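Topology and contacts: notes
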Amino acid sequence: MLEARDIACLKGSRWLLRGVALRVEPGEVLWIEGRNGSGKTTLLRMLCGLTPPDEGVIQWVGQPIVDAGEAYRRELLYLGHANALKDDLTLEENLRSAMQIAGRTARSDEFDEVLAQCGLIDRRELPVRVLSQGQRRRVALSRLWFPDAPKLWILDEPFAALDVESVQRLSDRLGRHLDGGGMAVLTTHQEVALPAGRTQRLRLDA
Amino acid sequence: MRDALRAVFLRDILQAWRRRADWLTTFFFFIIVVSLFPLGVGPEPAILRVIAPGILWVAALLASMLALPRMFASDYTDGTLEQLTLAPQPLSLLVLSKIVAHWLLTGLPLVLMGPLLGLQFGMAPDMLPVLFYSLLLGTPCLSLIGAIGAGLTLGVRGSGVVALLVLPLYIPVLIFGSGAVEAVGVGTAPGGHLSLLGAVLMISLVVSPLASAAAVRVALE
Amino acid sequence: MSFNWFRYSSPQTFYPLAGRLAPFFWIAAVALTIAGLYIGFFVAPTDFQQGDSYRIIFIHVPAAWMSMFIYVVMAGWAAAGLIFNTRLSSMMANALAPTGALMTAIALWTGALWGRPTWGTWWVWDARLTSELILLFLYVGFMALHASIDDPRRADKAAAILAIVGVVNVPIIYFSVKWWNTLHQGSSVSITRAPSMASTMLLGMLVMVFAFWAYSIATALTRVRGIILERERHAAWVAQLGTE
């Protein structure tokens with residue numbers, strides 16, 4: 001499980017976050033809410049280990065994430081604001097290298113299946129340059145559909161730019177991930193139907 | 001692990017291949033800078049022959065520096081660098097793959113072109129292979145040292161800062177590289193210079209991936 | 001009972017300490033400079049080879065020593081700030097950089113002034129002068145990088161990495177420049193072949209070295225106070241300073 005205590009972040013000379021505590025157990029999703037600039041993205045980046053907190057400690061299964069290092073990063077899938085896609089490469093090339101960098105070499109039939117599930121199969125040979133914002137987001141998100149996906153998903157505005165059908169598909173996928181004992185932390189501005197009873201909410205500007 | 005390193009490397013090469021024109025900039029910059037010197041100094045062959053090793057090496061330094069922003073900048077803006085940092089593999093090794101790809105795209109063309117330009121300056125035939133070897137050992141050092149500067153200047157204000165950081169650190173490479181070629185010119189063996197260049201390469205190979213990875217992490221904070 | 005060294009690693013406790021120490025170092029710097037220059041200019045004998053022009057070494061040599069020493073100390077503070085995440089260490093590194101650059105500039109300037117009467121030229125590409133010039137570039141790079149990053153914590157860390165890489169590089173640069181210089185015999189005049197030193201010369205030099213030490217510490221302490229105030233201006237303890 002993921003646990004954070006007394007997290008604080010100093011931006012310049014102002015406390016962006018102070019005394020933030022959270023705890024996500026297997027099968028739970030944590031929805032982080034807040035206005036623009038309330039520190040949602042910063043908190044997600046801290047949970048990933050990209051930004052060290054100025055105060056407090058973040059633990060993965062009882063061990064500080066700094067010490068867990070590689071073991072933590074293996075269990076983690078982070079998707080930030082940016083999609084990490086290369087304009088000049090095709091959809092499939094992008095996805096393949098992203099998977100390999102994340103340490104999971106997927107088989108060709110798995111690509112076929114995932115791309116079919118995400119409704120991207122007819123675009124697999126296209127360079128990402130020609131895709132729309134929503135399609136790019138779907139390409140980045142399609143990593144979630146691969147078998148044995150990491151246990152902890154940290155998703156920054158995953159529903160942004162998606163159409164209704166894709167939103168539904170993603171929340172279904174999220175539900176199944178939680179059913180399988182997965183965990184997720186996400187931010188979103190939209191009201192999305194997240195699995196009832198297993199959703200915690202954290203308001204940052206409260 | 002090897003899959004990830006290969007993926008990083010191949011992706012950079014493939015991307016560069018699809019955007020060939022971008023990468024040829026470095027190459028032509030090198031040729032143009034070298035060609036400017038006879039126009040500035042005068043076409044006197046005796047003078048040009050003496051200053052040729054220095055000119056070629058200074059031009060190689062500048063060309064390699066010009067290519068540095070491409071090392072990480074697009075990965076930084078499109079979020080790829082975050083994914084590399086969060087990958088299970090050590091970031092320093094992933095960065096090293098990027099540096100190797102960068103050298104193949106920007107350094108190797110200079111190594112191959114150097115001796116040809118040396119001919120233009122009337123270099124003696126026994127100097128040309130030494131020029132080739134010195135560039136072969138020296139340009140990887142430039143890519144390695146430059147990666148540190150490229151990482152440190154990610155997202156900073158002002159675009160020229162990288163030159164201030166990197167050029168002073170390039171100086172030993174310049175001295176040993178051009179020194180090797182000059183040594184042949186005055187009739188001494190270039191072995192000492194080339195070994196020293198090799199030593200610089202070894203040190204850079206150890207220090208640079210670690211320092212560049214640390215720089216990238218700081219930039220992402 | 002053990003003394004807690006880390007007590008002074010917080011800016012809040014170091015600020016008043018630096019304020020108490022700085023005046024002593026300023027006084028020492030002024031007194032030692034007056035004494036050193038008096039010995040150097042009035043007591044030390046005229047050199048039979050170089051006449052009176054050698055007297056610039058009373059400024060040149062201490063400045064050159066300090067310029068190199070400060071770079072290493074600065075890198076040490078910067079590295080400590082990076083490793084232990086202590087803000088004060090990075091602030092010290094920052095406070096030292098301009099002094100180090102100034103020392104380098106003084107060493108270059110006085111070297112040129114010495115070169116004119118001695119060799120008849122303002123600048124020679126001598127190994128020491130060239131290394132000193134490159135050292136100035138390294139200082140400029142450190143300060144430029146720090147200045148170009150808006151977030152001070154990020155700037156500290158990036159500049160620290162650069163300083164550490166610089167320290168690894170300094171011996172290589174120095175060696176390469178020396179090697180380069182010996183191969184190009186044309187300009188093999190060495191600036192450090194000091195005239196055979198009379199004991200008063202040595203004394204004057206020593207006093208000047210201590211004067212430069214005191215000056216560097218004094219400027220660093222004074223400057224770090226300014227940096228602390230600027231960085232911590234929103235902290236409660238800084239606000240209290242104004243009301244006291």
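By convention here, each chain's residues receive numbers from 1 onward along its written sequence. Note on labels: chains are lettered from A, ligands numbered from 1, in written order. It should be noted that, the model being predicted, local features are given only for residues of pLDDT at least 70 and side-chain atom pairs only at 80 or more, the latter also being counted only at that level, while totals for whole chains, interfaces and linings use all residues. The side-chain values count all of the structure's non-hydrogen atoms but skip hydrogen atoms and water molecules.

Below, the discussion takes up the overall build of chain B. Note on conventions: DSSP H or I runs of at least 4 residues are helices, E runs of at least 2 residues are strands, and numbering of each starts at the N terminus. Counting its regular elements, chain B contains nine helices and zero strands. When the elements of chain B are put in sequence order from the N terminus, they spell out α-α-α-α-α-α-α-α-α. Based on the C-alpha atoms only, the size of chain B along its principal axes is roughly 55 × 30 × 30 Å. The rule is simple: take the accessible area with a 1.4 Å probe, protein chains only, and divide by the maximum for that residue type; under 20% is buried, over 50% is exposed, in between is partly exposed. Residues classed as buried in chain B amount to 58% of the 221 residues present.

What chain A contains, in helices and strands, is seven helices and nine strands. What the globule rule says is 2.2 Å times the number of residues to the power 0.38, and the radius of gyration is computed from C-alpha atoms. Whereas a compact globule of 206 residues would reach a radius of gyration of roughly 17 Å, chain A reaches 17 Å, a difference of no more than 12%. Overall size of chain A, expressed as C-alpha extent along the three principal axes, is 50 × 35 × 30 Å. Buried residues in chain A amount to 55% of all 206 residues. Taking contacts inside chain A between residues at least 6 apart in sequence as the whole, the part at least 24 apart equals 71%. Whether two residues are in contact is decided by their heavy atoms, any of which lying within 4.5 Å being enough.

Moving on: the interface of chain B and chain A. In this complex, chain B contributes 25 residues to the contact, which on the side of chain A involves 29 residues. Here chain B meets chain A over a buried area of about 2500 Å², counting both sides, of which 54% is carbon and sulfur. Accessible surface is computed with a 1.4 Å probe, and the buried area is the amount of it that two parts give up when combined, taken over both parts together. Three residues stand out in chain B for area buried against chain A, namely B:Gln83, B:Leu86 and B:Pro88, and they jointly supply 28% of the buried area on that side. We count a salt bridge whenever a side-chain nitrogen from Lys or Arg sits within 4 Å of a carboxyl oxygen from Asp or Glu. Between chain B and chain A we count five salt bridges in total. Any N or O atom pair separated by 3.5 Å or less is treated as a polar contact, with the protein-specific requirement of one donor-capable and one acceptor-capable atom, and with residues adjacent in sequence counted only for side-chain atom pairs. If you look at where chain B meets chain A, you find 13 residue pairs in polar contact (both at pLDDT 80 or more). Of all the secondary structure elements, the ones that give two or more residues to the side of chain B that touches chain A are helix H1 (2–18), helix H4 (69–78) and helix H5 (80–86) of chain B. At eight residues, H1(B) tops the list of elements feeding residues into the side of chain B that touches chain A. Taken together, the residues that form the side of chain B that touches chain A break down as nine nonpolar, eight polar and eight charged. Residues are grouped as follows: Ala, Val, Leu, Ile, Met, Phe, Trp, Tyr, Cys and Pro are nonpolar; Asp, Glu, Lys and Arg are charged; every other residue, Gly included, is polar.

On to the pairing of strand S8 (residues 183–187) of chain A, then. All names here are of chain A. Among the five residues in S8, five count as buried, and that is most of the element. Alternating positions in S8 separate into two faces, Met-183, Val-185 and Thr-187 on one and Ala-184 and Leu-186 on the other, with burial throughout. Two strands qualify as a pair provided that DSSP identifies no fewer than 2 bridges between them. When strand S3 (residues 29–33) meets S8, the two strands line up parallel, connected through four bridges. Bridge pairing in S8 places Trp-31 opposite Leu-186. Both strand S7 (residues 152–156) and S8 contribute to a ladder of five bridges, which runs parallel. What sits directly across from Ile-154, in S8, is Val-185. Here a crossover is taken to be right-handed if, once the strands point away from the viewer, the path from the first strand over the helix to the second is traced clockwise. One crossover worth recording links S7 to the parallel S8 by way of helix H7 (residues 164–179), and it is right-handed.

Let us look at the sheet that holds strand S4 (residues 55–60) of chain A. Residues and elements named next belong to chain A. Ordered in space as S2-S1-S4-S5, the four strands form an open sheet in which the pairing is antiparallel. Whereas interior strands pair on both sides, the edge strands pair on one side only; in this sheet they are strand S2 (14–24) and strand S5 (63–64). Sheet analysis places S4 next to S5, joined by two bridges and oriented antiparallel. Within S5, the residue paired with Gln-59 across the bridge is Pro-64. Lines are fitted to the C-alpha atoms to define the axes, a helix being fitted only along its stretch in contact, and any angle between axes, read from their N-to-C directions, falls within 0 to 180 degrees. The sheet strands contacting helix H1 (residues 40–48) are strand S1 (2–11), S2 and S4, and the helix crosses S1 at an angle near 125 degrees.

Turning next to the sheet that holds S3(A). All names here are of chain A. Strands sit in the order S6-S7-S8-S3-S9 across an open sheet of five strands; the sheet is parallel. Edge positions in the sheet fall to strand S6 (76–79) and strand S9 (199–203), since each of these pairs with one other strand and no more. Neighbour-to-neighbour, the strand axes of the sheet open up by a mean angle of 15 degrees, direction not taken into account. Examined bridge by bridge, S3 and S9 share five bridges and lie parallel to one another. Bridge assignment links Glu-33 to a residue of S9, and that residue is Arg-203.

A few words now on the confidence of the model for chain B. pLDDT runs from 0 to 100 and stands for how confident the predictor is about each residue. For chain B, mean pLDDT is 91; residues scoring 70 or higher make up 100% of the total. Scored by ipTM, the complex comes to 0.91, with pTM at 0.89.

The grouping of B:Leu24, B:Phe28, B:Ile32, B:Leu36 and B:Leu39 at the surface amounts to a nonpolar patch, some 530 Å² of accessible area in total. Under the relative-accessibility criterion, B:Leu36 is labelled partly exposed at 49%. Each patch is built from salt-bridge-free residues with over 30% relative accessible area, joining like charges within 9 Å and nonpolar side chains (Val, Leu, Ile, Met, Phe, Trp, Tyr) within 5 Å. What sets the accessible areas is the Shrake-Rupley method with a 1.4 Å probe; for residues, cover comes only from the shown protein chains.

Residue and element names in this part refer to chain A. Each assigned domain of chain A is listed with its residue range as follows: domain 1 (1–75 + 150–206) and domain 2 (87–149). A C-alpha centroid distance of 23 Å is found between domain 1 and domain 2. On the domain 2 side, the residues contacting the 17 residues of domain 1 number 14 residues. Of the roughly 1200 Å² buried at the junction of domain 1 and domain 2 (both faces included), carbon and sulfur atoms supply 59%. For the pair domain 1 and domain 2, the interface holds zero salt bridges. The tally of links from domain 1 across to domain 2 stands at six residue pairs in polar contact (both at pLDDT 80 or more). Put simply, the parts of the chain that give the side of domain 1 that touches domain 2 at least two residues each are S7 and H7. The element contributing the most residues to the side of domain 1 that touches domain 2 is H7, with five residues. Across the side of domain 1 that touches domain 2, the residue classes break down as eight nonpolar, one polar and eight charged. Throughout the structure description, domain borders are defined by an automatic or database domain assignment.

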